[in-house]
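If you want the building blocks of each chain, they are given just below.
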Amino acid sequence: MKILAAIDQSSHAREAIRFLKSVVWPKGTEIFLLHVIELKNAGLISPSGGPSSWDRVISHARGKLFTEAQQFLEQTKQDLQGQNALAIKTVVEEGLPGAEILKAAEDYQVDLVILGTRGLSKIKRFLLGSTSEWVMRDAPCSVLLVREKLSMVTMGKSAAKIILATDGSSGAGETVGMLSLLMCKTPPKVTVAHVVARPAYREGWYWGKGKAEFQQLAKQLLETARENGADHLEEISQRVKELNMKVDPVLRTGDPAEEILKLAERLHVKLIMVGSKGFKDGKPIPLGGIVKKIARHAHCSVWLT
């Protein structure tokens, strides 16, 4: 397995490092620690010898950023390795963080990108920054968006709560596979959730049916969808139970994203796992509105598999 951790010294990035350290990754796992520098973070730059000294001043500022980044990554590498025989490589790049993360993910052919999100703490729900949005949308692999306290999932003294959101597709199996990586100190409580969207009644008029007739048809379709959803929940729940985790299957009806978000807040979960990263001809299929809404507005970390 290959993992790319895009980190800086923000609180959410530090939490990503703690989580990365807490997981017993498969034997042979390679970890790439990436830090992207931006010259704008060098502080005030002013030439002391007139315009002719600009190149020298900028070169000095850039060199200082590179040195600080390399020191930070080396310290993080030593902390991560500890007693673990992990293959860790440090990478410093300059440019737009989103572009450099995506380039590294492709160059190193990684299976998972881990990055912290920067939320706005004074609003009810967090919002993703532009870098997180970009990586979430275009990464050629799974993406873990880290918000605070994620490491409590694996290192907490009490069972952390996780939602595994499934839409009934084959991608749910890959989500369970990622869940199996979490060899937790205390087995988590996993809510396997499936939401059945209500039929759009107005579409019936395009079918040339009357209101009463279509309402009956819509009711039948909804009942069938709930039956299929219940069967899928049973299948996925059984696979999670085989991981020795506590499981609670939940079947809801309504707007899928809203129901998952409300459930996550009510249960105070630390992580939402959702299948999303489909591919065609080697390129990622654009994320659906449901997945984007969950990733953007969840109060907790979100793992897009």
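Residues numbered from 1 in each chain as written. Predicted model: local features only at pLDDT ≥ 70, side-chain atom pairs only at ≥ 80, totals over all residues. Heavy atoms only, no water.

*Asks:* Break down the environment of Asn228 for me, citing the residues and quoting the values.
*Replies:* If you trace the backbone, Asn228 turns up in helix H8 (residues 211-241). With 32 residues separating them along the chain, Asn228 and Val196 place their C-alpha atoms 9.6 Å apart. (Helix = DSSP H or I, 4+ residues; strand = E, 2+ residues; numbered from the N terminus.)

*Asks:* Run through the sheet that holds strand S8 (residues 246-253), naming residues and quoting values.
*Replies:* Pairing is mixed in the open sheet, where 10 strands are placed in the order S3-S2-S1-S4-S5-S12-S9-S6-S7-S8. On the outer flanks of this sheet lie strand S3 (87-94) and S8, each paired with one strand and no other. Sheet twist, expressed as the average angle between the axes of neighbouring strands with direction ignored, equals 20°. (Pairing = 2+ DSSP bridges. Axes fitted to C-alpha atoms, helices over the stretch in contact; angles between N-to-C directions.)

*Asks:* Account for helix H10 (residues 289-297), with residues named and values stated.
*Replies:* Val291, Ile294 and Ala295 are the residues of H10 that are buried. Along H10, the residues classed as buried sweep out an arc of 95° about the axis, all on the same side. Along its buried surface, H10 packs onto helix H4 (130-138), strand S5 (142-146), helix H9 (256-267), strand S9 (271-274) and strand S12 (301-304). (Buried < 20%, exposed > 50% of the residue type's maximum accessible area, 1.4 Å probe, protein only. Arc of directions from axis to C-beta. Contact = heavy atoms within 4.5 Å.)

*Asks:* Tell me about the pairing of S12, residues and numbers included.
*Replies:* When a strand is regular, its side chains alternate between the sheet's two faces. Of the two faces of S12, both are covered, the one formed by Ser301 and Trp303 as well as the one formed by Val302 and Leu304. Judged from the 3 bridges that link them, S5 and S12 form a sheet pairing that is antiparallel. Note that in S12 the partner of Leu144 across the bridge is Trp303. Across 4 bridges, the pairing between S9 and S12 is parallel. Opposite Ile272, over in S12, you have Val302 as the bridge partner.

*Asks:* A description of the packing of helix H3 (residues 97-107) against H4 should follow, citing residues and the corresponding values.
*Replies:* Contact pair H3 / H4: the axes reach a minimum separation of 8 Å and the direction vectors enclose 30°. What the angle tells us is that H3 and H4 run roughly parallel. Seen along the crossing, H3 lies across H4 with a hand that is right-handed. Here H3 contributes Pro97, Gly98, Ala99, Ile101 and Leu102 to the contact with H4, which in turn contributes Thr131, Trp134, Val135 and Asp138. Within the contact of H3 with H4, the residues separate by chemical class into 6 nonpolar, 2 polar and 1 charged. (Parallel < 35°, antiparallel > 145°, perpendicular 65-115°, else oblique. Left-handed = near helix turned anticlockwise from the far one by under 90°. Nonpolar A, V, L, I, M, F, W, Y, C, P; charged D, E, K, R; others polar.)

*Asks:* So what's going on with the packing of aromatic side chains? Which residues, and what values?
*Replies:* Inspection of the entire model under this criterion finds 3 aromatic pairs. For the ring pair Phe19 and Trp25, a centre distance of 6.5 Å and an interplane angle of 80° mean the geometry is edge-to-face. Each member of the pair, Phe19 together with Trp25, is buried. Ring geometry for Phe19 against Trp303: centres 6.3 Å apart, planes inclined by 85°, an arrangement best described as edge-to-face. Placement of the pair is Phe19 in helix H1 (residues 11-22) and Trp303 in strand S12, with a sequence separation of 284 residues. Looking at Phe19, the relative accessible area reads 0%, which means it is buried. Through successive ring pairs, a cluster of aromatic residues spans Phe19, Trp25 and Trp303. (Phe/Tyr/Trp six-rings, centres within 6.5 Å; stacked < 30°, edge-to-face > 60°.)

*Asks:* Can you tell me about the confidence of the model for the chain, naming the residues and giving the values?
*Replies:* Within the chain, residue pLDDT values average 83, and 81% of them lie at 70 or more. Note on residues 119-127: pLDDT under 50 across the span, and 18 contacts to partners over four residues away in sequence or across chains. (pLDDT = per-residue confidence, 0-100.)

*Asks:* If you had to explain the pattern of salt bridges to someone new, which residues and values would you point to?
*Replies:* One pass over the full model with this rule turns up 9 salt bridges. Arg62 serves as the salt-bridge partner of Glu94, at 2.8 Å between the closest nitrogen and oxygen. Remark: Arg62 occurs in helix H2 (residues 54-81) and Glu94 occurs in strand S3; sequence separation between them is 32 residues. Residue classification places Glu94 among the partly exposed residues on the basis of a relative accessible area of 30%. (Salt bridge = Lys/Arg side-chain N within 4 Å of Asp/Glu carboxyl O.)

*Asks:* Tell me about H1, residues and numbers included.
*Replies:* Along its 12 residues, H1 runs 17 Å from first to last C-alpha, staying within 8% of the 16 Å computed at 1.5 Å per residue. Turning to H1, its buried residues number three or more, namely His12, Ala13, Glu15, Ala16, Ile17, Phe19, Leu20 and Ser22. (Expected span 1.5 Å × (residues − 1).)

*Asks:* Explain the side chain of Thr166 to me, using residue names and the numbers behind them.
*Replies:* Looking at the secondary structure, you find Thr166 in the loop between strand S6 (161-165) and helix H6 (171-179). Relative accessible area serves as the criterion here: at 6%, Thr166 is assigned to the buried category. Looking at Thr166, its side chain comes within polar contact range of the side chain of His232, at 2.6 Å. For Thr166, the residues in contact, after removing those within four places along its chain, are Ala172, Val192, Ala193, His194, His232 and Leu233. (Polar contact = N/O pair within 3.5 Å; in protein donor to acceptor, adjacent residues only side chain to side chain.)

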